[in-house]
Amino acid sequence: MILTRALSPACIKVPLEGMDKDSIITELVDLLDENGSLLDRDGTLDEVLTREQIRSTGVGFGIAIPHGRCKAVREPAIAVGTTHTPVDFDSVDSKPVSIVVLLLSPAEQAGPHIQALARVSRMMLDAEFRESLESAPSAEAAYELFVAAEKLGAGHRPRQVAAVS
């Protein structure tokens, strides 16, 4: 799956305003809703928050990837946000989070959902990519980091992309 087909600069927020896990998830769900990606904003928010209560999606290294398959999307949808001040996300490594990637897929699309989740995870394993994303000055600059990483293959990006503004 090509992530930038499901992600647009309009669904990236730099920085997020939320100061806790629930408000950040709400902010990202609202971004997707405002951009026409959701059929049911409240149902989606409920599903994502319920999933988060079962098990935190704070995967470590300052990253959270709340995700799920739900009836409220017709096609995969991604929202990304970064924080200036890291937020407690009950991460597996007990460290706060500064990058949050919300990934939603239609309920009937297990394969593409798992592929997208794996692709996001591989990108986030790249410390330089994470650092560049954390310091991106705008949604457009953050989006260009994803574009460049996908052109080179997940987890890799050219050094000059970090200077995009």
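Refer to the preceding data block for the structure.
Residues numbered from 1 in each chain as written. Predicted model: local features only at pLDDT ≥ 70, side-chain atom pairs only at ≥ 80, totals over all residues. Heavy atoms only, no water.

Let us now look at helix α1 (residues 21-34). Its 14 residues place the ends of α1 20 Å apart at the C-alpha level, agreeing with the 20 Å of an ideal helix rising 1.5 Å per residue. Taken together, the buried positions of α1 are occupied by K21, I24, I25, E27, L28, V29, L31 and L32. Elements that come into contact with the buried residues of α1 comprise β1 (12-13), α2 (41-54), β5 (77-87) and β6 (97-106). Where α1 starts, the residue carrying a side-chain oxygen 3.2 Å from the main-chain nitrogen of D22 turns out to be D20. (Helix = DSSP H or I, 4+ residues; strand = E, 2+ residues; numbered from the N terminus. Expected span 1.5 Å × (residues − 1). Buried < 20%, exposed > 50% of the residue type's maximum accessible area, 1.4 Å probe, protein only. Contact = heavy atoms within 4.5 Å. Polar contact = N/O pair within 3.5 Å; in protein donor to acceptor, adjacent residues only side chain to side chain.)

In the structure shown here, the tally under the stated rule is one aromatic pair. Relative to F146, the ring of F129 has its centre 5.3 Å away and its plane inclined at 85°; by these criteria the two rings are edge-to-face. Residue F129 is found in helix α4 (residues 127-134), and its partner F146 is found in helix α5 (residues 139-152); the two are separated by 17 residues along the sequence. Note on F129: relative accessible area 1%, which makes it buried. (Phe/Tyr/Trp six-rings, centres within 6.5 Å; stacked < 30°, edge-to-face > 60°.)

Turning to the packing of helix α3 (residues 110-125) against α5, a few remarks are in order. For any two helices packed against each other, the geometry is given by the interaxial angle and the distance between the axes. Two numbers describe how α3 lies on α5: the axes approach to 11 Å, and their chain directions differ by 100°. In this view, α3 runs roughly perpendicular relative to α5, as classed from their interaxial angle. Two secondary-structure elements touch here, α3 through R119, M123 and M124 and α5 through F146, A149 and E150. Considering only residue class, the contact of α3 with α5 consists of four nonpolar, no polar and two charged. (Axes fitted to C-alpha atoms, helices over the stretch in contact; angles between N-to-C directions. Parallel < 35°, antiparallel > 145°, perpendicular 65-115°, else oblique. Nonpolar A, V, L, I, M, F, W, Y, C, P; charged D, E, K, R; others polar.)

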